[in-house]
Amino acid sequence: MRSYSLIAPAKINLYLEILGSRSDGYHELAMILQTIDLADQIDLRSISKDEIQLHCTHPEVPLDKSNLAYRAAELMMKEFPQAFAHQYGGVEITIHKQIPVAAGLAGGSTDAAAVLVGIDLLWKLGLTQSELQELAAKLGSDVPFCISGGTAIATGRGENLSPLPDLDHLYVVLAKHRKLAVSTAWAYQNYRQQFSSSYISDTESLESRASRVHSGQLVNAIFHKDSVKISSLLHNDLERVVLPAYPQILQLREALQNAGALGSMMSGSGSTVFALAESNAHAQEILEKVKLRVLNPEIDFWIARFCNTGIRFLHTIY
Ligand code: C5P
């Protein structure tokens, strides 16, 4: 049976602004997202049994419907029942996990995006990128971005995407307390409780505020590849609720900043923090300094480079 291997990169949020509430219970956001080359590998194989078999190299990753990658396969079976039942049968998915779990790096979302792309290949569906992204939006707010990756503005729930010029000269140092996972739903709910009085409520003002990010200073700095300016304009509204509740995340972010980062920020709802660096050598320097100062074996560190791709085909095995 044919099988495909795909690369599924993590993402960081260079910018995350919460604008208001939506009627579907989600938030209206204005974000700038960036894929990095810290990535999972996803292998997909057609199997003759009409079922989904999920395996993962990481013991904490669930292998049932609570895993977004499983739900991505289920969605494809529902949307393309003929390909599933009659032509190709079920699918076996193996996730080789490199991206930390529940970390604000879209690890689950990117695996799900890879399953959509992989099943499209396995079943020879020939879906376009925008068709895949429409399916992706049914699974989660970050999944459409994970399909295309690179640098992009994301508005609405996160599914309306506008690509920006590549920033692949930049590096990032990531740091995460191994046992600290922050629930995204908790972070948004908490934000709503504390700050909903400042939400924009009328549609016109929401649209104009969301469009402001397109002509904002950070986008301008990205067009000019101005690393120092980009770093000074990093922003994440979720820090307002997550950092007071988890002071150790703030400490780690400050440690990265004091180790000579261009800029540092929490990614998504955390608990990963990242520091921007202008080269691999600069990233190594930050990493060495921060490790000496933090001296905590419970903290994991990674160095990654910005990348300009989303889900990428690695190889086919016959
Ligand atoms: O879409 P996703 O499943 O990734 O979102 C996780 C949680 O984050 C949602 O259940 C919701 O509570 C919150 N969220 C939100 N507004 C968004 C995206 C996520 O309130 N635009």
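Sequence order sets the numbering: in each chain, residues are counted from 1 along the sequence as written. Local features in a predicted model are, by the rule used here, given only for residues with pLDDT of at least 70; side-chain atom pairs are given and counted only at 80 or more, and totals for whole chains, interfaces and linings are based on all residues. Note: side-chain values were computed over all heavy atoms of the structure, leaving out hydrogens and water.

Enquirer: Can you lay out the overall build of the protein for me, pointing to particular residues and giving the numbers?
Expert: Counting from the N terminus, the helices are the DSSP runs of H or I reaching at least four residues and the strands are the DSSP runs of E reaching at least two. Helix and strand counts for the protein come out as twelve helices and twelve strands. Atoms counted for the radius of gyration: C-alpha only. Globule rule: 2.2 Å times the number of residues to the power 0.38. Scaling as 2.2 N^0.38, a compact globule of 318 residues should have a C-alpha radius of gyration of about 20 Å, and the protein matches this with 20 Å. Each principal axis of the C-alpha distribution contributes one length, and for the protein these read about 55 × 50 × 35 Å. Only protein chains enter the accessibility calculation, which uses a 1.4 Å probe; a residue is then buried when its area is under 20% of its type maximum, exposed when over 50%, and partly exposed in between. Per-residue burial for the protein yields a buried fraction of 56% across its 318 residues. Put simply, 76% of the contacts in the protein that link residues at least 6 apart link residues at least 24 apart. The positive count covers Lys and Arg only, the negative count covers Asp and Glu only, and His and the chain ends enter neither. For this purpose, a charge sits on NZ of Lys, CZ of Arg, CG of Asp or CD of Glu. Taking the 27 positively charged and 33 negatively charged side chains of the protein as two groups, their mean positions are separated by 3 Å. We call two residues in contact whenever any of their non-hydrogen atoms come within 4.5 Å of each other.

Enquirer: Just give me the short version of the site of the ligand, but keep the residues and values in it.
Expert: We define proximity as follows: a residue is near a molecule or strand when any one of its heavy atoms falls within 4 Å of that partner. Residues in close proximity to the ligand include Tyr26, His27, Leu29, Gly140, Ser141, Arg157, Thr184, Ala185 and Tyr188, which together make up its full environment. Between N or O atoms, a polar contact is any pair within 3.5 Å; within protein, one atom must be a potential hydrogen donor and the other a potential acceptor, and residues adjacent in sequence are included only when both atoms are from side chains. Between an oxygen atom of the ligand and a side-chain N or O atom of Ser141, the distance comes to 2.6 Å. Computed by Shrake-Rupley with a 1.4 Å probe, the accessible areas treat only the displayed protein chains as cover when residues are assessed. Coverage of the ligand by the protein chains reaches 75% of its 450 Å² of free accessible surface. Elements supplying a minimum of two residues to the shell around the ligand: strand S2 (27-47) and helix H6 (184-195). The element contributing the most residues to the shell around the ligand is H6, with three residues. For the shell around the ligand, the per-class residue count stands at four nonpolar, four polar and one charged. Residue-level mapping places the shell around the ligand at the junction of two domains, with at least three residues from each of domain 1 (3-165 + 310-317) and domain 2 (171-305). Only Asp, Glu, Lys and Arg are considered charged, only Ala, Val, Leu, Ile, Met, Phe, Trp, Tyr, Cys and Pro nonpolar, and every remaining residue, Gly among them, polar. As used throughout, domain bounds are those supplied by an automatic or database domain assignment.

Enquirer: Go over the side chain of Thr35 with me, naming the residues and quoting the values.
Expert: Structurally, the position occupied by Thr35 is in strand S2. With relative accessibility at 1%, the residue Thr35 sits in the buried group. A distance of 3.0 Å separates a polar side-chain atom of Thr35 from the backbone oxygen of Thr309. Beyond its immediate stretch of four places on either side in the chain, Thr35 contacts Pro9, Ala10, Lys11, Phe145, Gly149, Gly150, Arg305, Phe306, Cys307 and Thr309.

Enquirer: Summarise the domain arrangement of the protein; cite the residues concerned and give the values.
Expert: The domain architecture assigned to the protein consists of domain 1 (3-165 + 310-317) and domain 2 (171-305). The distance between the C-alpha centroids of domain 1 and domain 2 comes to 23 Å. At the junction of the two partners, domain 1 supplies 35 residues and domain 2 supplies 37 residues. Note on definitions: salt bridges are taken to be side-chain nitrogens of Lys or Arg within 4 Å of carboxyl oxygens of Asp or Glu. Run the count over domain 1 and domain 2 and you get one salt bridge. One salt bridge in this structure joins Glu17 and Arg209, with 2.7 Å as the shortest N-O distance.

Enquirer: Outline the pattern of salt bridges, listing residues and values.
Expert: Between side chains of opposite charge, a pair can form as their charged atoms come close. Evaluated as defined, the whole model comprises twelve salt bridges. Between Lys65 and Glu74 there is a salt bridge, with the nearest N and O atoms lying 2.5 Å from each other. Between Lys179 and Glu298 there is a salt bridge whose closest N-O contact spans 3.1 Å. Here Lys179, found in the loop between strand S7 (171-177) and H6, pairs with Glu298, found in the loop between helix H12 (280-294) and strand S11 (299-305); they are 119 residues apart in sequence, far enough to count as distant. When its relative accessible area of 32% is taken as the criterion, Glu298 is described as partly exposed.

Enquirer: Please give an account of the packing of helix H11 (residues 247-258) against H12 that cites residues and values.
Expert: To get an axis, a line is fitted to the C-alpha atoms, and for a helix only the part in contact is used. The angle between two axes follows their N-to-C directions and goes from 0 to 180 degrees. The N-to-C vectors of H11 and H12 enclose an angle of 130°; their axes lie 9 Å apart at closest approach. Viewed along their axes, H11 and H12 adopt a mutual orientation that is oblique. Considering how the two elements wind past one another, H11 and H12 form a crossing that is right-handed. Contact residues: Leu252, Ala255, Leu256 and Asn258 in H11; Ile286, Val290, Arg293 and Val294 in H12. Relative orientations are named as follows: roughly parallel for angles under 35 degrees, roughly antiparallel for angles over 145 degrees, roughly perpendicular for angles from 65 to 115 degrees, and oblique for any other angle. Each crossing is labelled by how the near helix is turned from the far one, with a counterclockwise turn of less than a right angle marking it left-handed and a clockwise turn marking it right-handed.

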